[in-house]
Amino acid sequence: MAEVSVQEAEAHLSRLLLRVAGGEVIVITRAGTPVARLLPVEPMRKRIIGQDDGLFEIPEDFDAPLPDEVLALFHS
């Protein structure tokens, strides 16, 4: 893990981003104290439409009014 100062990060951001894209993690410091970390973005997983089909069933009374004792909790 490399460390660079804020000033160096400002001056060489494009170069640092190339290093990060290559898998390197870079810590940005201010007065020797770490303040930020540049790290590669993990690729987004492809979503499969309907992959959870059948895992949950919506109850018949899903949109029924709440019981009075539950409603009272919202007004206390």
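An account of the accompanying structure is given in this report. (Residues numbered from 1 in each chain as written. Predicted model: local features only at pLDDT ≥ 70, side-chain atom pairs only at ≥ 80, totals over all residues. Heavy atoms only, no water.)

### Things to note about the overall build of the protein chain
- On a plain count of helices and strands, the protein chain comes out with 3 helices and 3 strands.
- Ordered by position from N to C terminus, the α and β elements of the protein chain give β-α-α-β-β-α.
- Oriented by its inertia axes, the alpha-carbon framework of the protein chain measures out at about 60 × 40 × 20 Å.
- Looking at the protein chain alone, contacts between residues at least 24 apart form 22% of all its contacts between residues at least 6 apart.
- Charge centroids of the protein chain, computed over 7 positive and 13 negative side chains, lie 21 Å from each other. (Helix = DSSP H or I, 4+ residues; strand = E, 2+ residues; numbered from the N terminus. Contact = heavy atoms within 4.5 Å. Lys, Arg positive; Asp, Glu negative; His and termini not counted. Charge placed at Lys NZ, Arg CZ, Asp CG, Glu CD.)

### Observations concerning a negative patch on the surface
- Side chains of Glu57, Glu60, Asp61 and Asp63 sit close together on the surface and give a patch of like negative charge.
- Along the polypeptide, Asp63 turns up in the loop between strand 3 (33-38) and helix 3 (68-74).
- Residue Asp63 is classed as exposed on the basis of its relative accessible area, which comes to 66%. (Patch = residues over 30% accessible without salt bridge, like charges linked within 9 Å, V, L, I, M, F, W, Y side chains within 5 Å. Areas by Shrake-Rupley, 256 points an atom, 1.4 Å probe, with all protein chains shown as cover. Salt bridge = Lys/Arg side-chain N within 4 Å of Asp/Glu carboxyl O. Buried < 20%, exposed > 50% of the residue type's maximum accessible area, 1.4 Å probe, protein only.)

### Brief notes about unusual backbone geometry
- A positive phi angle, close to 55 degrees, is found at Ala31, a residue other than glycine.
- Its location among the elements puts Ala31 in the loop between strand 2 (26-30) and strand 3.
- In this structure Ala31 comes out as exposed when scored by relative accessible area, which is 83%.

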